[in-house]
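Per-entry structural report
The chain contents come next:
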Amino acid sequence: MIKLIVEVQDASDLMPKDGDGFASPFVEVDFDQQRQRTQTKPKDLNPYWNEQLVFNVTNPRDLSNNTIDVVVYNDRKSGHHKNFLGRVRISGVSVPLSESEATLLRYPLDKRGLFSNIKGDIALRIYAVQDHTSAAQPQQHEYGNVETGTASVEIPQMFSTTPLQEINGNNTHRIDEQAEHHHHHQMGEKPMKKKKEHEVRTFHSIGTGGGGGGGFSHSQPPSSWFGFETHHQKAPHVETRTDFARAGPATVMHMQQGPPRQNPEFALVETSPPLAARLRYRPGGFTGDKTSSTYDLVEQMHYLYVSVVKARDLPTMDVSGSLDPYVEVKLGNYRGVTKHLEKNQNPVWKQIFAFSKERLQSNLLEVSVKDKDFGKDDHVGRVFFDLTEVPVRVPPDSPLAPQWYRLVDKKGDKVRGEIMLAVWMGTQADESFPEAWHSDAHDISHVNLASTRSKVYFSPKLYYLRVHVLEAQDLVPSERGRPLDTYVKVQLGNQMRVSRPSQVRTINPIWNDELILVASEPFEDLIVISVGDKVGPGRDDLLGMVFLSVRDIPQRHDTHKLPEPLWFNLQKPSVAAEEESEKKKEKFSSKIHLRLYLDAGYHVLDESTHFSSDMQPSSKHLRKAGIGILELGILSAKNLLPMKGREGRTTDSYCVAKYGNKWVRTRTLLNTLNPRWNEQYTWEVHDPCTVITVGVFDNHHINGSKEDARDQRIGKVRIRLSTLETDRIYTHYYPLLVLTPSGLKKHGELQLALRFSCTAWVNMVAQYGRPLLPKMHYVNPIPVRYVDWLRHQAMQIVAARLSRAEPPLRPEAVEYMLDVDYHMFSLRRSKANFQRIMSLLSGFTMVCRWFNDICTWRNPITTCLVHILFVILVCYPELILPTIFLYLFVIGLWNYRFRPRHPPHMDARISQAEFAHPDELDEEFDSFPTSRPSDIVRMRYDRLRSVAGRVQTVVGDLATQGERAQALLSWRDSRATAIFIIFSLIWAVFIYITPFQVVAVLVGLYMLRHPRFRSKMPSAPVNFFKRLPSKSDMLL
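Here is what the cut-offs are and how they apply
Residues numbered from 1 in each chain as written. Predicted model: local features only at pLDDT ≥ 70, side-chain atom pairs only at ≥ 80, totals over all residues. Heavy atoms only, no water. Helix = DSSP H or I, 4+ residues; strand = E, 2+ residues; numbered from the N terminus. Pairing = 2+ DSSP bridges. Axes fitted to C-alpha atoms, helices over the stretch in contact; angles between N-to-C directions. Contact = heavy atoms within 4.5 Å. Phe/Tyr/Trp six-rings, centres within 6.5 Å; stacked < 30°, edge-to-face > 60°. Buried < 20%, exposed > 50% of the residue type's maximum accessible area, 1.4 Å probe, protein only. Lys NZ or Arg CZ within 6 Å of the ring centre and 35° of its normal. Polar contact = N/O pair within 3.5 Å; in protein donor to acceptor, adjacent residues only side chain to side chain. Salt bridge = Lys/Arg side-chain N within 4 Å of Asp/Glu carboxyl O. pLDDT = per-residue confidence, 0-100.

1. Things to note about the environment of L85
Relative to the helices and strands, L85 resides in strand β6 (residues 83–91). Spatially, the C-alpha atom of L85 lies 9.0 Å from that of A23, the residues being 62 residues apart in sequence.

2. With respect to the sheet that holds strand β39 (residues 712–720)
What the five strands build is an open sheet, ordered β24-β36-β35-β38-β39; its pairing is antiparallel. Taken across any chain shown, the strands that pair with only one partner, and hence form the sheet edges, are β24 (455–458) and β39. Taking the axes of each pair of neighbouring strands and ignoring which way they run, one obtains an average angle of 15 degrees across the sheet. Here six bridges tie strand β35 (residues 653–659) to strand β38 (residues 691–698), and the two strands are oriented antiparallel to one another. What sits directly across from V656, in β38, is G695. Against the sheet, helix α7 (residues 811–818) contacts β35, β36 (662–665), β38 and β39, and its axis sits at roughly 145 degrees relative to β38.

3. Structural notes on the packing of aromatic side chains
Under the criterion given, the structure shown has 17 aromatic pairs. Seen from their ring centres, Y73 and F84 are 6.4 Å apart, and the 75 degrees between their planes marks the pair as edge-to-face. Taken together, the residues span a long stretch of sequence, with Y73 in strand β5 (residues 67–74) and F84 in strand β6 at a distance of eleven residues. For Y73, a relative accessible area of 13% translates into the label buried. Judged by centre distance (6.5 Å) and plane angle (75 degrees), the ring pair of Y659 and W683 falls under edge-to-face. Of this pair, Y659 sits in strand β35 while W683 sits in strand β37 (residues 676–685); the two residues are 24 residues apart in sequence, bridging distant segments of the chain. The same class applies to Y659 as to W683, namely buried. Following the ring pairs from residue to residue traces out a cluster consisting of Y303, Y305, W424 and F433. Geometry around Y733 places K638 over its ring, the cationic atom sitting 4.3 Å from the centre. Here R665 stacks its cationic end above the ring of Y654, 4.2 Å away from the centre of that ring.

4. Re the environment of D44
On the secondary structure map, D44 appears in the loop between β3 (34–37) and β4 (48–56). The spatial distance from the C-alpha of D44 to the C-alpha of P16 is 8.9 Å, given a sequence separation of 28 residues. If we ignore the near neighbours within four places in the chain, the residues touching D44 are A23 and P25. Side-chain polar atoms of D44 contact the backbone nitrogen of N46, separated by 2.9 Å.

5. Focus on the pairing of β35
Taking burial as the measure, the seven residues of β35 include seven buried ones, the bulk of the element. Burial of the side chains of β35 extends over both faces: S653, C655, A657 and Y659 are buried on one face and Y654, V656 and K658 on the other. Sheet analysis places β35 next to β36, joined by four bridges and oriented antiparallel. The partner of Y659 across the bridge, within β36, is K662. Connecting β35 to the antiparallel partner β36 that follows it, the hairpin turn spans two residues, and G660 within it adopts a positive phi of roughly 65 degrees.

6. Quick notes on the pattern of salt bridges
As enumerated under the stated definition, the model contains 49 salt bridges in all. With a shortest N-O distance of 3.0 Å, D819 and K716 are connected by a salt bridge. Of this pair, D819 sits in the loop between α7 and α8 (827–855) while K716 sits in strand β39, placing them 103 residues apart in sequence. Grouping residues by exposure puts D819 and K716 together as buried. A cluster of three or more residues bridged by salt bridges with shared partners is formed by D919, D922, E923, D926, R932, R940 and R943.

7. Quick look at the sheet that holds strand β29 (residues 526–536)
Strand order across the open sheet formed by four strands is β27-β26-β29-β30, with antiparallel pairing between neighbours. Edge strands, defined here as strands with exactly one partner in the open sheet, are β27 (495–498) and β30 (539–549). Across the sheet, the mean angle separating the axes of adjacent strands is 20 degrees when strand polarity is ignored. Where strand β26 (residues 486–492) lies against β27, four bridges are found, and the strand directions are antiparallel. Within β27, the position partnered with L492 by the bridge is Q495.

8. Some points on the confidence of the model for the protein chain
Of all residues in the protein chain, 82% have pLDDT values of 70 or greater, and the mean over the chain is 80. Mean pLDDT values for the elements of the protein chain range from 37 in strand β13 (residues 253–256) up to 95 in β35. When the criterion is pLDDT under 50, residues 134–259 qualifies, and its contacts beyond four places in sequence or with other chains add up to 237 contacts.

Right under this line is the structure:
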């Protein structure tokens, strides 16, 4: 007896159906009037079943003629109906006849009709085996609950199978007898009534091996991409199933072996932390929490603050009569120390210490004043505080006023000297929190303590500096009578631009070239403009220089009027010659004609436009009012990987967030893989179509680390504001994914709280109709050849400026946040973009498939309805546009219940990063120019040539079709052009004397004619068009 085994593994990315963004899916499989189903997975869009469903094959010879219908439904507990989630139709031809030949394949779920809203795929493993136990015990033929049961499926014992194509006549006769015997036992079951099937896709298999039974042989696909052979790499196994079977029309589909869906570890996880905003706290309410309205997106963390201000009238402790005092704050095992001040009896420290309330180890706080000495430090005096008596301060209360406390010795007797202190209990909302010394940094020196604190940074204001080089006069070359080959070089800081050579090779050259550079406030740099003469290979003569201050350059805010060009004297390149000319007071000098101005109407791009966080122009007079407030709560992280393996497997992590020109950096939490920052920041939003970026880094600049040490990347998150609902709080764990040369790695998870509040609804709605960039970008666009270079220079300026802050925001962190290498070539990104294009075209192909089904009368009822609708629209053409827009409105309204409930995040599957080949990653992380050996570079070059060859072929085919269209009237083929123009004349006369509605109805009925009136051969217009000439035969 032949048994058909359907293993239902899992499904991914299913469409939510219950109105809450979830679904409760189960799978129903129909085969040869037998129906079985899996268990229901409640509220799971990525269910995992791992169940086997066993079916009887009544007649093995008809297996290739049967079809396996796999339908995914949403189990509605409240009603009698089940929601359709997708279906797959698999031809029996593609079923292998042994378990060893069967592979796990992913099938994209198909729609039931044009108006179905379906997405996702399902993983199935289907094969047929021969069961000898069924012949001996024919009564045991139930392997699960048919139609209604959800219990686990009983799996019969399987034996070795024999392929169907090797069965001889005697074996076939025996199998037929077994099938007939089994069929008699099945007569007691109620046969299922087959319903009319709607549009589905049937999957088939095609073999590549020679010999008989090719339909059951399996081919090994090449390691290639887009059909391009890839050397020295093994691509993911892909099976292409494109043959035809009698069960239904085949559809070309590509199925990847194994799970191509995103790893569940890389998915977003929604959380519910106890935030004040979620608990609906109100100032002055029953909680009395005054910080809830301004610091409500983080969990409150309580700290004991100790502010050591100063001391006075301290006694001398040394024999020399001097005192080097410092203060030691001790609480349990935690000990904080201020700086020691030499020879000072009235020291001023002004330092604040913060001890986490969760880590308090004692109820007694000791503040001691000591004298720094070469041996053992002398004890001057101390003060004790009982923590139960410490006051609680809640902002926006005024800061607690420090008080003078008398020092006592170790015996408790009063001694000379007083110390000014302030001790209070507060939260991270306290203004002293960022500057405080924290108890977790007790082993950090005062020099490196600043690198662990939280700070807010602002990017410098950037401008585009335009230098229009017009001409020069009276140049003095080094050799008389030689034609000059002059050029102009403009240098600003580390930027340098060179004009094109002058076509006028005299002492009065004309360039008329425009150079663009990036300038930043406060305009401290000088513009160095030099005129050079190319004397020979590798030899240039300097003919003169001009030094200008950026502060003296005028600004332009609009396009109405350009600043007037000015003449500048060219100074001699030699300093001695310059001094000599000053002594002689020469009136003669070479001159250069320049137009310089700062374009303040542009937005200087320092990040990619695909995920830019700021679109405002440089001039504050042209900036628009804000439309809302973005609040970000950086809560915590978990499961971070130890980034310092050599130093005890620890991680000292901090976060950096960037939106607009404002950067924020949290404090560094030391020696923990599960840090809890709970810091909240706010930005003003001017455009909803912007992106906020949050990165996590490991601090390598503590405890005397080298200056050239680099902070390591832990991960990054990008969130687009336009995908967020207003006034809703989003709390999720975001996966921290980093792509390395060895592959994709998850370094942990970052928990964020987000809220986008709109303060001007009218302005926000109007923003969608306004240009994305300022007006100057469209009136006077920047040349394309300059865009990437200017963006790179802007990134370098921002990184250099932020690295000069205290604590510095390291260049490696800034470059990672700004994606400085985003525009470099990557085969992985090319694959990802190709898949994005194919995903977009899938909707168009689906419409074409639906129209083809209408034309072929696959569903007569639907085709008749389309005929009626077509006639109505032809008779009443004024209904066409209203019908289209009404259809769009209804579809959009229907899709509202399936809208995304979570913000977007880094998708490893879309990025083609999870299964990227190591060679592709090595190429992506290679330096520019390359540093790899010549054989690897040759292999990659050959691969790139093969890819470019296929692209070249596609472009040539497109050009051929366009040239054929031009050949209709170009008389290149005189006979074809004559036929076309005569036919056009006939059609013009026919349409002129015939009403338009009649012509439209005739054309429509011809397009929708029944299949019996159709021919499988191409139509006459298609044949005529393909015979037209193109220029492809003119190419060398």
